[in-house]
Amino acid sequence: MTWSAELDGHSSRLPARRRTRMERRYRRLLTLYPKAHRQEHAEEMIGVLFAAADYDARIRAPKPVGWALRSGQHVADCADLVAGAARIRGRMVLNRVKQATRSGWMVPDRRWSDALAVVSVIAPLLLLVAALAEFHLPQAVASSLTGHPHWRLTATLGLGDLPLAAGAPAVALLALLRLRRLAGLGAIGAAIGQTLLTQGGAAAQRPAPPFTGYSSPVVAFTVLLACTAAAALLISPGPDRGLALLTRGGAVLIGAGALVLGGFSVGGNVWLASPSGFTQGLGSEVTGLPGDLLIAAVLIAVAAGCLRAPVSRRVLALLAIPVIPYAVLWQEKLASDLFGQAGGAAASISSSLPLLYLPPLLLAGAIVAGAWLARRRATRQVSSASPAGPRSAVSA
Amino acid sequence: MQEPTFLILTALAAGAQHGYGIMSDVARISEGRVRLRAGTLYAALDRLKSDGMVTSDKKEVVDGRLRHYYRITDEGAAELAAEVGRIQANAAVAASRLGLAGGAI
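Keep in mind that this is a model prediction, so the values were computed, not measured.

### Remarks on the overall build of chain A
So, step 1. Each helix and strand in chain A was counted, giving 16 helices and zero strands.
So, step 2. Within chain A, the fraction of its 396 residues that count as buried is 42%.
So, step 3. For chain A, long-range pairs separated by at least 24 residues make up 76% of all intrachain contacts whose partners lie at least 6 apart in sequence.
So, step 4. Only carbon and sulfur atoms are counted for the fraction: they give 67% of the accessible area of chain A, which is about 20,600 Å².

So this is what it looks like as structure tokens:
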């Protein structure tokens, strides 16, 4: 007797209670399948599974042998359902990866894609500003403007500075040459190099002095900015599209933002006292409260300028990821400026790994989750709107 | 081509069949050696459909359960024919080397 004959002509030999238990188990396992597949084939698959089970129930054998045979086949069917779901889902993932590779790993949402394209112009530039600050170039300019005696052009590079000093100009140059994928890979290399060499530097000194190693806002900024630049260069249309979207006002805002960041950069801080270090110089000899007001004015102008359009709002959110560590640095300076060096130390929140890295990571996670949810909502709206079309046409 | 795929395409080469029919036909073709289970069958059908070798045919309801019929496409038939050619050529070489009747020179 064949299985189809079993299905077409004969009644089931399975007891009703056993059938119910088996069906419940099959349905539970079928939830592992993609929804569309389940909707189309679930009932049919259950029918096939019972056909096979009914066939097994008709095999004549001594009771314990028959029971073992039926149980073994049921377990094998259940395991096969799980394996089938894994195969279908695995193929879906593979197809998505292939599709994404063909389209160059582009972000599907147009506004996020445009925002990333703008960031693919800005982030390499900011990375370059940070690298120039290794040589104290922005500090020298700011120093000549403010008349501060400590700052002058220097070129004292340590091993830990190399990923940024070499990587940032390379990334900016490759982005300028429209080699966005190579530039993106270069940015990833700079981030990894900075992370590894910071680890080496921090391990060399125990206990590590404050504001060094990973607890330095400068290191956090560099690593996070390089990661942001890499993401923007790799999953957006790139600097060409970014430059086409960038307005003159936007360029001015970027320049102002870069000035503030340049002042707050690697190798020392224009906005903070002497190059001898944070602990000695938190008294803000250079600019004090006027410096804070300038920083606040620039940040407010940048934020206000960016909040007006959907794409620039997204640019602001993306750039906030690497800039958050500087907010930590600035609140320390602000506390010092407002309450004096001694009181400021008590009023400020000390820079620490969770404070530097957790908010940027949470923000990045919120951006990814928000973009995904928005896309899902849009897809649902499209799918729920499509059947309404013919109905409304009929009623009209 | 893996054996379950070959047997599913062979089952469909004779005409459109539903899932149950394919399973029983595969058991018959392989003389009971291959027992396709539901998970394997529907994962294979899903892949063959996305590769354009099999397509959905009619649907019918039997005993309250929906049955989909599947049909081999021209592309699937060509692929099956190519596989048959490969198997025949390999079998001929093997038979010849073993000195069996009907082997190639």
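We are not done yet, so read on.
### A look at a nonpolar patch on the surface
Residue and element names in this part refer to chain A.
So, step 1. A surface patch of nonpolar side chains, about 870 Å² in accessible area, is lined by Leu173, Leu176, Leu177, Leu179, Leu182, Leu185, Ile188, Ile192 and Leu196.
So, step 2. Every element with two or more residues in the nonpolar patch is listed here: helix 7 (162–176) and helix 8 (180–204).
So, step 3. Look at Leu179 and you get partly exposed, because its relative accessible area is 38%.

### Some remarks on the sheet that holds strand 3 (residues 65–72) of chain B
Residue and element names in this part refer to chain B.
So, step 1. In spatial order, the strands read 1-3-2; together these three strands make up an open sheet with antiparallel pairing. Here the strands that pair on one side only, and so sit at the sheet edges, are strand 1 (17–18) and strand 2 (54–62).
So, step 2. Across seven bridges, strand 2 lies against strand 3 in antiparallel orientation. Bridge pairing links Thr55 to Arg71 in strand 3.
So, step 3. Sheet strands in contact with helix 3 (residues 38–50) are strand 2 and strand 3, and its direction is about 130° off that of strand 2.

### Quick word on empty space enclosed by the protein
Over the atoms, a rolling probe the size of a water molecule traces out where space has been left empty.
Residue and element names in this part refer to chain A.
So, step 1. One pass over the structure, following the stated rule, counts one cavity of 30 Å³ or more.
So, step 2. Taken as a whole, the largest cavity spans an internal volume of roughly 60 Å³.
So, step 3. In terms of lining, the largest cavity is formed by Leu14, Arg18, Met22, Tyr26, Ala53, Asp56, Arg70, Gln73, His74 and Asp77.
So, step 4. Only helix 2 (16–30), helix 3 (35–57) and helix 4 (63–102) provide two or more residues apiece to the lining of the largest cavity.
So, step 5. Of the residues forming the lining of the largest cavity, the biggest block, four residues, is contributed by helix 4.
So, step 6. Of the residues assigned to the lining of the largest cavity, the class counts are four nonpolar, two polar and four charged.

### Side note on unusual backbone geometry
Backbone geometry follows two general trends: most residues other than glycine have a negative phi, and most peptide bonds adopt the trans configuration.
So, step 1. Its identity is not glycine, yet A:Arg178 carries a phi of approximately 65°, on the positive side.
So, step 2. Looking at the element boundaries, A:Arg178 is found in the loop between helix 7 and helix 8.
So, step 3. Positive phi outside glycine occurs at B:Glu31, with the angle close to 55°.
So, step 4. In this fold, B:Glu31 is placed in the loop between helix 2 (19–29) and helix 3.

### Things to note about helix 1 (residues 3–13) of chain B
All names here are of chain B.
So, step 1. Residues Thr5, Phe6, Leu7, Ile8, Leu9, Ala11 and Leu12 constitute the buried set of helix 1.
So, step 2. Considering only its buried residues, helix 1 is in contact with strand 1, helix 2, helix 3, strand 2, strand 3 and helix 4 (74–98).
So, step 3. Just downstream of helix 1, Gly15 is the residue with a positive phi angle, here 150°.

### Quick look at the packing of helix 3 of chain A against helix 2 of chain B
So, step 1. Contact pair helix 3 of chain A / helix 2 of chain B: the axes reach a minimum separation of 9 Å and the direction vectors enclose 35°. The hand of the helix 3 of chain A/helix 2 of chain B crossing is right-handed. In this structure, helix 3 of chain A contributes A:Glu44, A:Gly47 and A:Val48 to the contact, and helix 2 of chain B contributes B:Gly19, B:Tyr20 and B:Met23.
So, step 2. For the contact of helix 3 of chain A with helix 2 of chain B, the class distribution of residues is three nonpolar, two polar and one charged.

### With respect to the confidence of the model for chain A
Residues and elements named next belong to chain A.
So, step 1. With 70% of its residues at a pLDDT of 70 or more, chain A has an overall mean of 75.
So, step 2. Per-element confidence in chain A ranges from a low mean pLDDT of 38 for helix 16 (residues 388–395) to a high of 88 for helix 2.
So, step 3. Across residues 205–209, confidence stays below pLDDT 50; counting only partners more than four residues off in sequence or on other chains, it has zero contacts.
So, step 4. Scored below 50 in pLDDT, residues 265–286 shows 73 contacts in the model against residues more than four places distant or in partner chains.

### A short note on the environment of B:Glu60
Residues and elements named next belong to chain B.
So, step 1. Here Glu60 is to be found in strand 2.
So, step 2. Since its relative accessible area comes to 25%, Glu60 is described here as partly exposed.
So, step 3. Between the C-alpha atoms of Glu60 and His18, which are 42 residues apart in sequence, the distance is 9.5 Å.
So, step 4. For Glu60, the residues in contact, after removing those within four places along its chain, are Arg65, Leu66, Arg67 and Tyr69.
So, step 5. Within the structure, the side chain of Glu60 is placed 2.8 Å from the side chain of Tyr69, a separation counted as a polar contact.

### Structural notes on the interface of chain B and chain A
Accessible area lost during the coming together of the parts is what is often quoted as the interface size.
So, step 1. Tallying the contact residues gives 23 residues for chain B and 29 residues for chain A.
So, step 2. Here chain B packs against chain A, burying approximately 2,400 Å² in sum over the two surfaces, 53% of which is carbon and sulfur.
So, step 3. Inspection of the chain B/chain A interface yields three salt bridges.
So, step 4. The shortest N-O distance in the salt bridge between A:Glu40 and B:Lys49 comes to 3.6 Å.
So, step 5. Linking chain B with chain A are 12 residue pairs in polar contact (both at pLDDT 80 or more), by the criterion used here.

### Description of the packing of aromatic side chains
To describe a pair of aromatic rings, you give the distance between the ring centres and the angle between the ring planes.
Residue and element names in this part refer to chain A.
So, step 1. On inspection of all chains with the given rule, the structure shows one aromatic pair over all chains.
So, step 2. Ring geometry for Tyr26 against Phe50: centres 5.6 Å apart, planes inclined by 75°, an arrangement best described as edge-to-face. Taken together, the positions of Tyr26 in helix 2 and Phe50 in helix 3 put the pair 24 residues apart, joining distant regions of the chain. For the pair Tyr26 and Phe50, a shared accessibility class is recorded, and that class is buried.
So, step 3. We note Arg19 situated over the ring of Phe50; from NZ or CZ to the ring centre the distance is 4.2 Å.

### Comments concerning the pairing of strand 3 of chain B
Residue and element names in this part refer to chain B.
So, step 1. Of all the eight residues making up strand 3, six are buried; the element is thus mostly covered by neighbouring parts of the structure.
So, step 2. Note: strand 1 against strand 3, two bridges, orientation antiparallel. If you follow Gln17 over to strand 3, its bridge partner there is Tyr70.

### Examining the side chain of A:Ser236
Residue and element names in this part refer to chain A.
So, step 1. You can see Ser236 is positioned in the loop between helix 9 (217–235) and helix 10 (239–245).
So, step 2. A polar atom in the side chain of Ser236 sits 2.6 Å from the backbone oxygen of Ala232.
So, step 3. Reaching out from Ser236, the side chain makes a polar contact with the backbone nitrogen of Gly238 at a distance of 3.0 Å.
So, step 4. With residues near it in sequence (within four places) discarded, Ser236 still touches Met106, Ser113, Leu116, Ala117, Ser120, Arg180 and Ala231.

Cut-offs applied
- Residues numbered from 1 in each chain as written.
- Chains lettered and ligands numbered in written order.
- Predicted model: local features only at pLDDT ≥ 70, side-chain atom pairs only at ≥ 80, totals over all residues.
- Heavy atoms only, no water.
- Helix = DSSP H or I, 4+ residues; strand = E, 2+ residues; numbered from the N terminus.
- Buried < 20%, exposed > 50% of the residue type's maximum accessible area, 1.4 Å probe, protein only.
- Contact = heavy atoms within 4.5 Å.
- Areas by Shrake-Rupley, 256 points an atom, 1.4 Å probe, with all protein chains shown as cover.
- Patch = residues over 30% accessible without salt bridge, like charges linked within 9 Å, V, L, I, M, F, W, Y side chains within 5 Å.
- Salt bridge = Lys/Arg side-chain N within 4 Å of Asp/Glu carboxyl O.
- Pairing = 2+ DSSP bridges.
- Axes fitted to C-alpha atoms, helices over the stretch in contact; angles between N-to-C directions.
- 1 Å grid on protein atoms, 1.4 Å probe; cavity = no way out; pocket = protein on both sides within 12 Å on 5 of 7 lines; lining within 4 Å.
- Points joined across faces, edges and corners; volume = space filled by probe spheres on them.
- Nonpolar A, V, L, I, M, F, W, Y, C, P; charged D, E, K, R; others polar.
- Left-handed = near helix turned anticlockwise from the far one by under 90°.
- pLDDT = per-residue confidence, 0-100.
- Polar contact = N/O pair within 3.5 Å; in protein donor to acceptor, adjacent residues only side chain to side chain.
- Buried area = accessible area lost by both parts, 1.4 Å probe.
- Phe/Tyr/Trp six-rings, centres within 6.5 Å; stacked < 30°, edge-to-face > 60°.
- Lys NZ or Arg CZ within 6 Å of the ring centre and 35° of its normal.

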